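A look at the structure
Letter by letter, the chains look like this.
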Amino acid sequence: MRMRLKQNAWMFPTALFFGLWLSWSYVNPYGGVTSLSSLVCQLSGARGDFSLDINLHALLDLTLRLLPSLIFQALAGISLYRHTCTASVYVFSRMPNRLKWYGKECGILALQTLLYQALVLAAAVGLAAVRCTITDVSQGLPVLLTHLTLWSLWTFAFTLGVNLLAIYVGSSAAFAALAGVQVACIGALIALVPLIEQPELAQQFLRINPVSCLVLSWHRSIFPSSSYTLSVGDSLTFLLLAAVVVAAVGGWLIRRHDLLKTEMDGG
């Protein structure tokens, strides 16, 4: 346990740094006053009262907002993979029920992900509270919790995916591949530009692009002035199912794959 704490010592300063950076870079309300819901929406692409637009600059900003999650995926995913390889020597050789160990590891990773995203949010909101006046806090709490849940599920699914893919290609290549998938999802949003005059078709395109789930300002119940009408319930369900599917695939691999012979990073 002490070793695991040392391995994850990076999480707290990293989360605080990125939370402060996000707040300083993207939370700059006119007149020094913002509602909590508007503040949180700005962390996923909104600009004040305007939802995330579709242009190269806005999509680059969205990619930068994803950076704290990507860093967590790299550090936690690689750490989990190496811990799995170590465990394969000391645990799997003696433990017939690998799924019990794997379930515990998934639970720990889920808690770490939730804590990391909560720290990022806390730092972002804390700095914003120092720099400006935050209003309508009680109405904004559901939005904050929705953001926390969506981004935690996304980060958990990809972090676990890094660990599983690393079994075959190594941890560095696994992270590069899955980070590329996420950036490609953001880049694919540029295809919405020709669909501006066809809102129904644009809506369907957004629904099949998973990264849309992270943009709160595209969810009408959260951002009434949004041009799009994504459902918070659909986004939560999709990301929850994605996390469950990745975890289930991982359980199948852990049960059947011979990790004792296939450590890709050496050692």
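Scroll up a little and you will see the structure.
Below, the structure is looked at part by part. Source: prediction; values computed, not measured.

About the thresholds
- Residues numbered from 1 in each chain as written.
- Predicted model: local features only at pLDDT ≥ 70, side-chain atom pairs only at ≥ 80, totals over all residues.
- Heavy atoms only, no water.
- Salt bridge = Lys/Arg side-chain N within 4 Å of Asp/Glu carboxyl O.
- Helix = DSSP H or I, 4+ residues; strand = E, 2+ residues; numbered from the N terminus.
- Buried < 20%, exposed > 50% of the residue type's maximum accessible area, 1.4 Å probe, protein only.
- Arc of directions from axis to C-beta.
- Phe/Tyr/Trp six-rings, centres within 6.5 Å; stacked < 30°, edge-to-face > 60°.
- Lys NZ or Arg CZ within 6 Å of the ring centre and 35° of its normal.
- Contact = heavy atoms within 4.5 Å.
- Expected span 1.5 Å × (residues − 1).
- Polar contact = N/O pair within 3.5 Å; in protein donor to acceptor, adjacent residues only side chain to side chain.
- Patch = residues over 30% accessible without salt bridge, like charges linked within 9 Å, V, L, I, M, F, W, Y side chains within 5 Å.
- Areas by Shrake-Rupley, 256 points an atom, 1.4 Å probe, with all protein chains shown as cover.

**Brief notes about the pattern of salt bridges**
Scanning the model with the defined rule gives 1 salt bridge in all. With a shortest N-O distance of 2.6 Å, Arg-47 and Asp-61 are connected by a salt bridge. With Arg-47 in the loop between helix H3 (36–42) and helix H4 (56–65) and Asp-61 in helix H4, this pair connects stretches of sequence that are 14 residues apart. Arg-47 gets classed as partly exposed once you look at its relative accessible area, which sits at 47%.

**Describing helix H9 (residues 199–208)**
If you check which residues of H9 are buried, you get Ala-202, Gln-203 and Leu-206. Taken down its axis, H9 places every buried residue within 105° of arc, on the same side. Exposed positions of H9 whose direction lies more than 90 degrees from the buried face are Glu-200 and Ile-208.

**Looking at the packing of aromatic side chains**
Under the counting rule described, the total for this entry stands at 8 aromatic pairs. Judged by centre distance (5.2 Å) and plane angle (70°), the rings of Phe-17 and Phe-18 are edge-to-face. The class for Phe-17 is exposed, based on a relative accessible area of 51%. Measuring from centroid to centroid gives 4.9 Å for Trp-154 and Phe-158, while their planes differ by 40°, and the two rings are tilted. Highlighted residues: Trp-154 and Phe-158, both in helix H7 (residues 137–169), separated by 4 residues, approximately one helical turn. When its relative accessible area of 16% is taken as the criterion, Phe-158 is described as buried. Through a chain of ring-to-ring contacts, three or more aromatic side chains come together here, namely Phe-17, Phe-18, Trp-21 and Tyr-26. If you follow Arg-65 out to its NZ or CZ, it ends over the ring of Tyr-26, 3.8 Å from the centre. Between Arg-131 and the ring centre of Trp-24, over which it is positioned, the NZ or CZ distance is 4.4 Å.

**What about the environment of Leu-56?**
Its location among the elements puts Leu-56 in helix H4. For Leu-56, a relative accessible area of 66% puts it in the exposed group. In sequence terms Leu-56 and Ile-190 are 134 residues apart; their C-alpha atoms lie 7.3 Å from each other.

**Re the environment of Thr-146**
If you trace the backbone, Thr-146 turns up in helix H7. It is 9.7 Å that separates the C-alpha atoms of Thr-146 and Val-40, two residues lying 106 residues apart in sequence. Sequence-distant contacts of Thr-146, defined by excluding residues within four places in its chain, comprise Leu-216, Ile-222 and Val-232.

**What about helix H10 (residues 232–256)?**
For an α-helix the count is 3.6 residues per turn, leaving residues at separations of three or four pointing the same way. Taking 1.5 Å per residue as the helical rise, H10 with its 25 residues ought to reach 36 Å, and the 36 Å between its terminal C-alpha atoms agrees with that figure. All of the buried residues in H10 are Val-232, Ser-235, Leu-239, Ala-243, Ala-247, Gly-250, Gly-251, Leu-253 and Ile-254. Sitting at the head of H10, Ser-231 places a side-chain oxygen 3.2 Å from the backbone nitrogen of Gly-233.

**With respect to a nonpolar patch on the surface**
A grouping of Leu-56, Ile-190, Val-193 and Ile-196 is seen on the molecular surface, where their side chains present a nonpolar patch of about 380 Å² in accessible area. Position of Val-193 among the secondary structure elements: in the loop between helix H8 (171–188) and H9. According to the relative accessible area criterion, Val-193 is partly exposed, its value standing at 37%.

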